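Listed below are the residues making up each chain.
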Amino acid sequence: MYVCLCKGITDTQIRAAVQDGASSLREVNRNLGVASQCGKCGIMAKEIVQESLNDL
Ligand code: FES
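Residues numbered from 1 in each chain as written. Predicted model: local features only at pLDDT ≥ 70, side-chain atom pairs only at ≥ 80, totals over all residues. Heavy atoms only, no water.

J.: I'm lost on the side chain of T10 in this one. Help?
T.: Looking at the element boundaries, T10 is found in strand β2 (residues 9-10). By relative accessible area, T10 is classed as buried at 17%. (Helix = DSSP H or I, 4+ residues; strand = E, 2+ residues; numbered from the N terminus. Buried < 20%, exposed > 50% of the residue type's maximum accessible area, 1.4 Å probe, protein only.)

J.: Where do I start with the pattern of salt bridges in this structure?
T.: By the definition in use, this model includes two salt bridges. The partner of D11 in a salt bridge is R15, with the nearest N and O atoms 3.8 Å apart. Of the two residues, D11 and R15 both sit in helix α1 (residues 11-19), four residues apart, roughly one turn of that helix. Judged by its relative accessible area of 13%, D11 falls in the buried class. A salt bridge links R15 to E51; its shortest N-O distance comes to 3.4 Å. Taken together, the positions of R15 in helix α1 and E51 in helix α3 (residues 42-55) put the pair 36 residues apart, joining distant regions of the chain. (Salt bridge = Lys/Arg side-chain N within 4 Å of Asp/Glu carboxyl O.)

J.: For this particular structure, what's the right way to read the environment of C6?
T.: Looking at where C6 falls in the secondary structure, it is placed in the loop between β1 (2-4) and β2. Separated by 49 residues in sequence, C6 and D55 have C-alpha atoms that sit 27 Å apart. With sequence-adjacent residues up to four places away left out, C6 is seen in contact with Q37 and C38. (Contact = heavy atoms within 4.5 Å.)

J.: Can you help me understand the nonpolar core in this one?
T.: Formed by 13 residues in total, the largest nonpolar core has its most connected members in V3, I14, V28 and V34. When near neighbours in sequence (up to four residues on either side) are disregarded, V34 contacts C4, I9, I14, L25, V28, N29, C41 and A45. (Core = buried A, V, L, I, M, F, W, Y, C linked by side-chain atoms within 4.5 Å.)

Spelled out as structure tokens, the structure:
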């Protein structure tokens, strides 16, 4: 499912970034650019990062 429409980023990509070592929304943002335009996806992206970290 698309989380960030501005950048076309899916929840799968965010989870993969966490699997690859990102440990915060800031790091996922640095890797993928999520939440770097309108910012509307920030809350959901943060939740997905948190969930993914909990699953590690
Ligand atoms: Fe992610 Fe706009 S939807 S920055």
